[in-house]
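Chain by chain, the residues:
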Amino acid sequence: MQYLQGLLLITMENALLGSLVVLATLATSCNAQCYIISNQNSTPNKCKDLNGVIHPLNSKWKTENCEECTCDQGGIYCCNTAAVPVDYDTNKCQIIFNKETCTYTVVEQEDPGKTCAVSGWVL
């Protein structure tokens, strides 16, 4: 009987842990900065992005602004892949975006050689 109770406790802990992982994943997904470009006027089996570039259906690409995009029948779906700093001293610091690495750095305005503390990031 104690064996079954222990097994039940382990199963419940695993279920709780699994639920927390799913919840954390959903919370991260909800913070993503995404947009959709409707495929209303594009030619069939292709999508036209905001720069006028045509992409084949079911293709994926990364933009110069570090967005991951996909093309399907409904249109183009793009999401930012760079974590954006949101909790830092905006009076003392500024953000710098590096397109090559798709990362932000937060530095002091008066001395860009010094980094600033960041408490929060949004993907």
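Here, the structure is the one placed above.
Please read these numbers as outputs of a predicted model, since none were measured by experiment. (Residues numbered from 1 in each chain as written. Predicted model: local features only at pLDDT ≥ 70, side-chain atom pairs only at ≥ 80, totals over all residues. Heavy atoms only, no water.)

What follows deals with the overall build of the protein. Regarding its fold elements, the protein presents one helix and 10 strands. Listed by position from the N terminus, the elements making up the protein come as α-β-β-β-β-β-β-β-β-β-β. Scored against the burial criterion, the 123 residues of the protein give a buried share of 21%. A separation of at least 24 residues holds for 38% of the contacts in the protein among residues at least 6 apart in sequence. (Helix = DSSP H or I, 4+ residues; strand = E, 2+ residues; numbered from the N terminus. Buried < 20%, exposed > 50% of the residue type's maximum accessible area, 1.4 Å probe, protein only. Contact = heavy atoms within 4.5 Å.)

Considering only enclosed or pocket space, the largest pocket measures out at about 200 Å³ in volume. Every element with two or more residues in the lining of the largest pocket is listed here: strand 1 (34–38), strand 5 (67–72) and strand 6 (75–80). Considered class by class, the residues forming the lining of the largest pocket number seven nonpolar, three polar and three charged. (1 Å grid on protein atoms, 1.4 Å probe; cavity = no way out; pocket = protein on both sides within 12 Å on 5 of 7 lines; lining within 4 Å. Points joined across faces, edges and corners; volume = space filled by probe spheres on them. Nonpolar A, V, L, I, M, F, W, Y, C, P; charged D, E, K, R; others polar.)

Our focus in this paragraph is the pairing of strand 5. By the alternation rule, side chains of strand 5 split into Glu67, Cys69 and Cys71, which are all buried, and Glu68, Thr70 and Asp72, of which none is buried. Bridge analysis of strand 4 (residues 60–62) against strand 5 gives three bridges, and the strand direction is antiparallel. What sits directly across from Lys60, in strand 5, is Thr70. Where strand 4 folds back onto strand 5 in an antiparallel hairpin, the turn is made up of four residues, including Cys66, whose phi is positive at roughly 65 degrees. Sheet topology note: the strand 5/strand 6 ladder contains six bridges and is antiparallel. Across the sheet, residue Cys71 finds its bridge partner in strand 6, namely Ile76. With antiparallel pairing between neighbouring strands as the criterion, strand 5 and strand 6 make up a hairpin whose turn holds two residues. (Pairing = 2+ DSSP bridges.)

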